[in-house]
Amino acid sequence: MSYVSSRFASFGSSVFTEITSVARRAGAIDLGQGYPTWEGPDFVKEAAVVAIRDRSNQYPPSIGLPVLREAIAARWKLDTGMTADPDTEITVTSGCTEALAATILGLIEPGDEIILLEPFYDSYPVCAEMAGATVRSVVLRPPDFAIPLDELESVFGDNTQLILVNSPHNPTGRVFSREELEGIAQLCRRHDVIAVTDEVYEHMTYDTDLVRMATLGDMWERTVSLSSTGKTFSLTGWKTGWAIAPVHLSEAVRAAHQFLTYTVPNPMQWGTAAGLGAGQSYFDELRSDYQRRRDFLADGLGRVGFDVFLPEGTYFMLADHTGFGERTDVEFVHHLINEVGVAAIPPSSFYTDPSDGSALVRFAFCKDDPTMEAALERLEAGLRRPP
Ligand code: PMP
Ligand code: GLN
């Protein structure tokens, strides 16, 4: 008999855990889970090493070290031109994952409705469930994965408390346009709804600028903006994140955060503060480096015969795999891992109805050139389009 509570049993195991372990066992090249094959910058790691050696290793304040909250506020000012008070409007969390959980648990009453855009990051519906909320959602469909604003309007209702928007968007790579976000903002104002924006890929946008919900007119007052260290500094194992929101919303995030994790490892906070204090050239180089990797993988997958949806942001790209035969995404990925030797993510677990993601496969390009080259060689050798 299983002791897993029904709440979690219904969600099964995380697709990332499952695919990563199957891929490792099979010796496949991993273009699946989104972790870089290189380690983060020395100046960031060094700041954490110095902190371990020469500073405190005891509990930091629950809301985060002042040095980090000030660095987050300074970077936010550079990125948005807006001021956030480090003492009352910024909260440091255990990655964006905990920021999401604290925000949802802190703001939601059982019975409230949360609106999601599908495909969604896998923790969103689970957090909603933990908070006792009901999920309403709309599906972004290929080829453009645009937000269907009319359909979205129809899922806003009297019980809607919150909408969660991830931009740049995992897994489609969309960076939502000003018009799309203005459309959402209008609905939030009309229905008195809070916007939670997951911006962990904020510094990975290609030939397009990130529009942030919090900067649209009066939306600051009803927006919680989330991000973290993992992607921007290639340190996904650091799990250091943050929430930026006006005082009345930050209070709710903090109310939950103090009992979820209480605080975040001290040295990583010093390291992250050093990272956020880097000159603009660090962020510009990150962007251009990823744009090159994106183009390299998209060209290669195109040569193999995939129909690729070129991402505007993130380090992921979706492709249509159905040219290689009629399989579900899960069947296709298992074929890739076991017969071709390359791992990717089957996106159907990011949808309420798995068939919405069945034709798609997600590849990550946060991988060094030899890894991507070797994966492309295997794909070219091992995949055939049926005649
Ligand atoms: N949101 C999205 C969209 C992500 O892709 C990820 C990836 N890990 C996270 C949140 C979680 O971020 P963190 O590792 O900082 O918890
Ligand atoms: N965000 C990463 C991805 O989408 C994975 C994070 C995880 O393993 N939970 O690949």
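Residues numbered from 1 in each chain as written. Chains lettered and ligands numbered in written order. Predicted model: local features only at pLDDT ≥ 70, side-chain atom pairs only at ≥ 80, totals over all residues. Heavy atoms only, no water.

Asks: Provide a residue-level description of the sheet that holds strand 9 (residues 307-309), including the pertinent values.
Replies: Taken in spatial order, the three strands of this open sheet run 9-10-12, and their pairing is antiparallel. One side of each edge strand has no neighbouring strand; the edge strands of this open sheet are strand 9 and strand 12 (360-364). Strand-to-strand twist of the sheet, defined as the mean angle between neighbouring strand axes without regard to direction, takes the value 35 degrees. In the sheet, strand 9 pairs with strand 10 (residues 316-320) via three bridges, with the strands oriented antiparallel. Bridging from a neighbouring strand, Val 308 pairs with Ala 319 of strand 10. (Pairing = 2+ DSSP bridges. Helix = DSSP H or I, 4+ residues; strand = E, 2+ residues; numbered from the N terminus. Axes fitted to C-alpha atoms, helices over the stretch in contact; angles between N-to-C directions.)

Asks: Break down the site of ligand 1 for me, with residues and values.
Replies: Around ligand 1, the structure places Gly 95, Cys 96, Thr 97, Tyr 121, Asn 166, Asn 170, Asp 198, Val 200, Tyr 201, Ser 228, Lys 231 and Lys 239. Within the side chain of Asp 198, one N or O atom sits 2.5 Å away from a nitrogen atom of ligand 1. One nitrogen or oxygen atom from the side chain of Ser 228 is found 2.7 Å from an oxygen atom belonging to ligand 1. Compared with its free state, where it exposes 390 Å², ligand 1 has 93% of that area covered by protein. Ranked by residue count, the leading element in the shell around ligand 1 is helix 5 (residues 95-107), at three residues. Classifying every residue of the shell around ligand 1 by side-chain character gives four nonpolar, five polar and three charged. (Near = heavy atom within 4 Å. Polar contact = N/O pair within 3.5 Å; in protein donor to acceptor, adjacent residues only side chain to side chain. Areas by Shrake-Rupley, 256 points an atom, 1.4 Å probe, with all protein chains shown as cover. Nonpolar A, V, L, I, M, F, W, Y, C, P; charged D, E, K, R; others polar.)

Asks: Can you lay out the site of ligand 2 for me, pointing to particular residues and giving the numbers?
Replies: Every residue lining ligand 2 is accounted for by Phe 16, Gln 33, Gly 34, Tyr 121, Asn 170, Tyr 201, Lys 231, Phe 316 and Arg 362. The contact in question runs from an oxygen atom of ligand 2 to an N or O atom on the backbone of Gly 34, over 2.7 Å. Tyr 121 has a polar side-chain atom sitting 3.3 Å from a nitrogen atom of ligand 2. Residues that form the shell around ligand 2 fall into these classes: four nonpolar, three polar and two charged.

Asks: Quick one: what's the story with the pattern of salt bridges, residue by residue and with numbers?
Replies: Opposite charge on two side chains makes pairing possible when the charged atoms of those side chains draw close. Applying the stated criterion across every chain, the model contains 21 salt bridges. Between Glu 113 and Arg 136 there is a salt bridge; the shortest N-O distance is 3.5 Å. Taken as a pair, Glu 113 in strand 3 (residues 113-118) and Arg 136 in strand 4 (residues 134-139) lie far apart in primary sequence, 23 residues in all. A relative accessible area of 13% means that Glu 113 is categorised as buried. Among the residues examined, Arg 136 registers a relative accessible area of 31% and is labelled partly exposed. Here the salt bridges share partners, and the residues they tie into one network are Arg 75, Asp 79, Glu 199, Glu 202 and Arg 212. (Salt bridge = Lys/Arg side-chain N within 4 Å of Asp/Glu carboxyl O. Buried < 20%, exposed > 50% of the residue type's maximum accessible area, 1.4 Å probe, protein only.)

Asks: An account of the packing of aromatic side chains is needed here, citing residue identities and associated values.
Replies: A full pass over the atoms with the stated rule returns 20 aromatic pairs. On the basis of an interplanar angle of 20 degrees and a centroid distance of 6.2 Å, the ring pair of Phe 324 and Phe 332 is categorised as stacked. Both residues of the pair, Phe 324 and Phe 332, count as buried. Over the ring of Phe 316 we find Arg 362, and its NZ or CZ is 3.5 Å from the ring centre. It is Arg 385 that lies over the ring of Phe 324; its NZ or CZ is 5.4 Å from the centre. (Phe/Tyr/Trp six-rings, centres within 6.5 Å; stacked < 30°, edge-to-face > 60°. Lys NZ or Arg CZ within 6 Å of the ring centre and 35° of its normal.)

Asks: Outline helix 4 (residues 66-80), supporting the account with residue identities and numerical values.
Replies: Relative to the 21 Å expected for 15 residues at 1.5 Å per residue, helix 4 spans 21 Å between its end C-alpha atoms, a close match to the ideal helical length. All of the buried residues along helix 4 are Leu 68, Arg 69, Ala 71, Ile 72, Ala 73, Arg 75, Trp 76 and Thr 80. Tucked into the core, helix 4 has its buried residues touching strand 2 (90-93), strand 7 (223-228), strand 8 (241-244), helix 11 (266-276) and helix 12 (280-304). Positive backbone phi, approximately 75 degrees, marks Gly 81, located one or two places after helix 4. (Expected span 1.5 Å × (residues − 1). Contact = heavy atoms within 4.5 Å.)

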